[in-house]
Every structure is written in C-alpha cells, then in structure tokens.
Amino acid sequence: MPAAPSRRMLLAALAAPAVARAQPAWPTQSISLVIPFAPGGPTDAVARLMAESLGRDLGQNVVVENAAGGGGTIGALRVAQARPDGHTLLLHNIGMATAPALYRRLPYDPVADFECIGLITPVPMVWVARPDFPAREFAGAIAHIRRHREGVNLAHAGLGSGSQLCGTLLQAQLHAPMTAIVFRGTGPIYPELLANRVDLVCDQTTGAIPQIAGGKVHALAVASAQRLPQLPDVPTAAEAGLPGFEVTIWHGLYAPKGTPPAIIARANQALRASLADPRVVRRLGELGASPEPMERVTPAAHRAYLVSEIARWRPLLQAAGEYAD
Ligand code: MLT
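The rules behind the values
Residues numbered from 1 in each chain as written. Predicted model: local features only at pLDDT ≥ 70, side-chain atom pairs only at ≥ 80, totals over all residues. Heavy atoms only, no water. Helix = DSSP H or I, 4+ residues; strand = E, 2+ residues; numbered from the N terminus. Buried < 20%, exposed > 50% of the residue type's maximum accessible area, 1.4 Å probe, protein only. Polar contact = N/O pair within 3.5 Å; in protein donor to acceptor, adjacent residues only side chain to side chain. Contact = heavy atoms within 4.5 Å. Near = heavy atom within 4 Å. Areas by Shrake-Rupley, 256 points an atom, 1.4 Å probe, with all protein chains shown as cover. Nonpolar A, V, L, I, M, F, W, Y, C, P; charged D, E, K, R; others polar. Axes fitted to C-alpha atoms, helices over the stretch in contact; angles between N-to-C directions. Parallel < 35°, antiparallel > 145°, perpendicular 65-115°, else oblique. Pairing = 2+ DSSP bridges. Right-handed = clockwise from strand over helix to strand, strands pointing away.

Our focus in this paragraph is the side chain of Arg 130. Relative to the helices and strands, Arg 130 resides in the loop between strand E4 (114-129) and helix H5 (138-148). Residue classification places Arg 130 among the buried positions, given a relative accessible area of 15%. Reaching out from Arg 130, the side chain makes a polar contact with the side chain of Asp 199 at a distance of 2.6 Å. Those residues in contact with Arg 130 that sit more than four places away from it in its chain are Leu 193, Asn 196, Val 198 and Asp 199.

Next comes the structure, spelled out in structure tokens:
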C-alpha cells in the first residue's frame, strides 16, 4: 500500500502551481525598446548595448525604436499609451524627471503612468565646441559667452533633455542667455557642430566620446567632480573656474502602467543580468559610464529616485523660466 503523503509533500504540491505562475510566459514576441531621442546619440548608444544583452537573456529580439522629438516626451507618451503586456518598453533618461517642470500640459504622468523596472547607468556630461569656436579653453568659452550672450548658439535636444538641462544650468550660473538651437537628439547635432553652424553642446560622454576621439570637435570641460580617465586632458568645469558645476544624467527602464508584476520582475532580472555582463560593463566604461550599483537596479529604488529627482529639479527649472505647452 503506498505511504500517505506527508504534510511537507502536500505543502510542496500546493506550492508548485504558484512557482509555475511566477514565471510569466513572456516575452512571446520581439520587444520594442522605445528611446525618445534620435539615432546616433547617447541614449541610443546605451539602448543598443542594453537591447543586445537583454535580448540574449530573454531569448527574444529587443528592437530599438527611436521615437524622437519634444525633448523626449513623444517617445515617453507612446509607451505610456502602449498595451501593458511587456512587449513595449521605454529607455529614458533624466528627462522623465525634468519634463514635469517644463511642460504645462505634459500628456502623461512619469510616476503614475509607468512601471519602473530599474535604473541603468549614470553618465557624466562634457562641453563640446565646434572646430572654429574662438575659445579653446573652458575659461575662455565662459568669457566669450558672457560677452556675446545670445550671439552664442547652444544646441540641445529639446526641453527636458539632458543637454538642455546642462545648458540651462550654465546659463543660470553665468546669468547669460544663449540662443537655443533645438534638435531631436544630440546625435544630429554633431554634423552641425562639425560644419561650424552651431557653437556648443553639453552632451553625455556616451555620445560625445566617440566624436571627441574622431578629433574634429573640441572638448572644453567635463561637468563632473573629477577628470574622467577616458578624457584625461579635459579639465573639470571647476578647474576651469566654475566650482560645483556638475551634471550627471541617469537612465531607467520603464513599462506602461498595469504591466503584470511577474513581467516587471522578469524584466528586472534580465536588466540586472545585462548590467553584470562584462561586455556591457566594458563598453559603458569606454564611453565614460558605468552600471548603476545593483541596489539601485530595482523597481522600488528606481521609483523612489524618480520621485526625488522630480522634486529636486522642479524649483530650479521653474526659476529658469523656460516652458512648453
Ligand atoms: C540623446 O540621446 O540624444 C540625448 O540623451 C538627448 C539629451 O538628453 O540631451
């Protein structure tokens, strides 16, 4: 006669379906990874690196889609309105936190309309000038901006972008407005810089380092506390006379609100695996960036940081007084 099942076996049998349910049947098709800026820029560089690694972990293609424009708000809205089945994700930068202060009618709520999956990478910024810009040093560039004000063209990727934030902070610190020339991302700015049609951009190193390495555009200063090993000859803004001028752009991975928790958990697992992938770590390093520490690569840490960043930037950006409807 077979032995009666023990209490432990019964409990294990009861628990089994729950374990099976915890592994979602996802992804069942390729994933669209929306980035809200143009190809060839820093967000694109991070997204393509992550897409390859996430795809390997998830066993499906992760396809980068550039939904550029509106300083990142067009792509973000697209994901906010997407079906919450985990097959449309958003990789966005600090713009998720700055846009609420800058758009009077932002058509989505960065906190309420998205599920946070995890933070990805902090990226320092660097000021880059056109080849024939009259100043070769950042101190000279500051003097030139103070003297010529609106006569200097500042290129950026739209209200809410990292490049716009960095530019706003410099103009506020110098009390010198420049003339903004707006692009759909910082990637498309480089041909204009190279042709000497715009003067300056403050870009993330993930976009700027390959351009600086090309030797045609000129790096003036890094907006970080220390010089970067990847750009050892480029001074910090502090060294060049602007103490405390530090701007770091961060990136996060999002899904539309209502995406099932099991999918968010699996996506987070894949994100953590990607950020531990030596190929990803090495390439981010070459581009002046690094993966976020693992304790920040969680939905809860990401959400808390997003909320704190919205609160941090709102008063500063509202004081600067640039708005879009
Ligand atoms: C881009 O990818 O073009 C940038 O992230 C835009 C920006 O935020 O400056």
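Continuing now.
What follows covers the environment of Gly 288. Note on placement: Gly 288 falls in the loop between helix H10 (278-286) and helix H11 (299-320). A residue is classified by how much of its surface remains accessible, and Gly 288, at 12% relative accessible area, is buried. Residues Gly 288 and Pro 261 lie 27 residues apart in sequence; the distance between their C-alpha atoms is 33 Å.

Another point: the environment of Gly 71. Inspection of the secondary structure assignment puts Gly 71 in the loop between strand E2 (62-66) and helix H3 (73-80). Overall, the relative accessible area of 7% leaves Gly 71 in the buried class. Sequence separation of Gly 71 and Ala 157 is 86 residues, and the distance between their C-alpha atoms is 5.7 Å. Setting aside residues no more than four positions away along its own chain, Gly 71 makes contact with Phe 37, Tyr 103, Ala 157, Gly 158, Leu 159, Gly 160 and Ser 161.

Within the span of helix H8 (residues 205-213), buried status applies to Thr 205, Thr 206, Gly 207, Ala 208, Ile 209 and Ile 212. If you follow the buried residues of H8, they end up packed against helix H2 (42-58), E4, helix H7 (189-194), strand E7 (200-204), strand E8 (218-222) and H10. Just beyond H8, the residue with positive phi is Gly 215, at close to 85 degrees.

Turning our eyes to something else, we now look at the site of the ligand. In the region of the ligand, the neighbouring residues are Phe 37, Gly 41, Pro 42, Thr 43, Asn 93, Ala 157, Ser 161, Gly 162, Ser 163, Gly 185, Thr 186 and Gln 204. Within the side chain of Asn 93, an N or O atom sits 2.9 Å from an oxygen atom of the ligand. Between the ligand and Ser 163, the relevant distance is 2.7 Å, taken from an oxygen atom to a side-chain nitrogen or oxygen of the residue. Burial of the ligand by the protein amounts to 100% of the accessible area it has alone, namely 270 Å². Taken together, the elements giving at least two residues each to the shell around the ligand come down to H2 and helix H6 (162-174). Partitioning the shell around the ligand into residue classes produces three nonpolar, nine polar and no charged.

Topologically, Asn 93 is positioned in the loop between strand E3 (88-92) and helix H4 (95-102). Take Asn 93: its relative accessible area is 1%, and that puts it in the buried class. Sequence-distant contacts of Asn 93, defined by excluding residues within four places in its chain, comprise Phe 37, Thr 43, Gly 162, Gln 204, Ile 249, Trp 250 and His 251.

The next thing to look at is the packing of H2 against H10. Helix-helix packing is described using two parameters, namely the angle between the two axes and the distance between the axes. Following both chains from N to C, one finds H2 and H10 inclined at 175 degrees, their axes separated by 10 Å at the closest point. On the basis of the axis angle, H2 is roughly antiparallel to H10. Each of Val 46, Leu 49, Met 50, Ser 53 and Arg 56 in H2 lies in contact with H10, whose residues at this interface are Arg 279, Val 280, Arg 283 and Leu 284. Its residues assigned to classes, the contact of H2 with H10 shows five nonpolar, one polar and three charged.

On to the pairing of strand E6 (residues 179-182). Sheet topology note: the strand E5 (residues 153-156)/E6 ladder contains four bridges and is parallel. Directly across from Leu 154, in E6, lies its bridge partner Ala 180. Handedness of the crossover is the feature at issue here: the chain leaves E5, passes through H6, returns alongside E6, and the resulting connection is right-handed.

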